[in-house]
Amino acid sequence: GRDREEVLSVLERWLRRQACIDGGHPDDVSPLQASQYSELGGDLMMLPPGGYSQVINALARDLPSHGVRLSSRVTRIACEEHPEHGPCVRVCVAGGSEVLARHAIVTVSLGVLKTQSIEFAPPLPEAKQKAIERIGMGQVEKLLFKFSPERLASPT
């Protein structure tokens, strides 16, 4: 009866809320995920002054000038043994250029991983490949509104 309808209504609202948080369709949201989500603390979530590029620039300050490449489409990342340098990472870029390094930080989107447009050698572990296949993708849009205390106190 009515109790069942109320429970279903609450469950539907909760699933829609979770879908907003997860960025997926309500049918794809797992109740198990709810226990893994927590709100960030603090009064406001704000960008650093000047944007996130300042964080990147500070971290990259001590890197050699040739150590960071922007706007380069990576096609292959291979861990290998170099005859002169020992263990290294070879990063192949579209157009044929390559970079040899001791380390590489890979920060690509889930979409790039799903399309397998980057070849990993050796291949990513099977558990990671399966996780990439299973994870759903959705759109997430977050808005930040800042109101003055006077505006919030006003009834209109």
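This text follows the structure it describes.
If you're wondering where the values come from, they're calculated on a predicted model, not measured in any experiment. (Residues numbered from 1 in each chain as written. Predicted model: local features only at pLDDT ≥ 70, side-chain atom pairs only at ≥ 80, totals over all residues. Heavy atoms only, no water.)

Next up on the list: the overall build of the protein. Scanning the protein for helices and strands turns up five helices and four strands. Traced from its N-terminal end to its C-terminal end, the protein shows the element sequence α-α-β-β-β-α-β-α-α. Looking at the protein as a whole, 12% of its 156 residues qualify as buried. Counting every atom, the protein has about 13400 Å² of accessible surface; 56% of that belongs to carbon and sulfur. (Helix = DSSP H or I, 4+ residues; strand = E, 2+ residues; numbered from the N terminus. Buried < 20%, exposed > 50% of the residue type's maximum accessible area, 1.4 Å probe, protein only. Areas by Shrake-Rupley, 256 points an atom, 1.4 Å probe, with all protein chains shown as cover.)

Take the sheet that holds strand β3 (residues 98–101) next. The four strands are arranged β3-β2-β1-β4 in an open sheet whose pairing can be described as mixed. Of all strands in the sheet, those bounded by a partner on one side alone are β3 and β4 (119–121). With strand direction ignored, the average angle separating the axes of adjacent strands in the sheet is 15°. Taken together, the four bridges between strand β2 (residues 86–93) and β3 define a ladder with antiparallel strand orientation. Bridge pairing in β3 places Arg-90 opposite Leu-100. (Pairing = 2+ DSSP bridges. Axes fitted to C-alpha atoms, helices over the stretch in contact; angles between N-to-C directions.)

With respect to the helices and strands, His-82 occurs in strand β1 (residues 74–82). For His-82, a relative accessible area of 14% gives the class buried. Among the polar contacts made by the side chain of His-82, one reaches the main-chain amide nitrogen of His-85 at a distance of 3.2 Å. Filtering out sequence-adjacent residues up to four positions away, His-82 remains in contact with Cys-88, Arg-90 and Leu-100. (Polar contact = N/O pair within 3.5 Å; in protein donor to acceptor, adjacent residues only side chain to side chain. Contact = heavy atoms within 4.5 Å.)

A regular strand places its side chains on the two faces of the sheet in alternate fashion. Here β1 runs beside β2; their pairing, made up of eight bridges, is antiparallel. When the bridges of β2 are listed, Val-74 appears paired with Val-93. Between β1 and β2, which pair antiparallel and follow one another directly, the connecting turn spans three residues. Across three bridges, β1 lies against β4 in parallel orientation. Bridge pairing in β4 places Arg-76 opposite Glu-119.

Within the largest apolar cluster, five residues are counted, these being Ile-77, Val-89, Val-91, Ile-118 and Phe-120. Not counting residues up to four positions away in its chain, the partners in contact with Val-91 are Val-74, Arg-76, Ser-97, Glu-98, Val-99 and Ala-104. (Core = buried A, V, L, I, M, F, W, Y, C linked by side-chain atoms within 4.5 Å.)

That is the geometry; function is a separate question.
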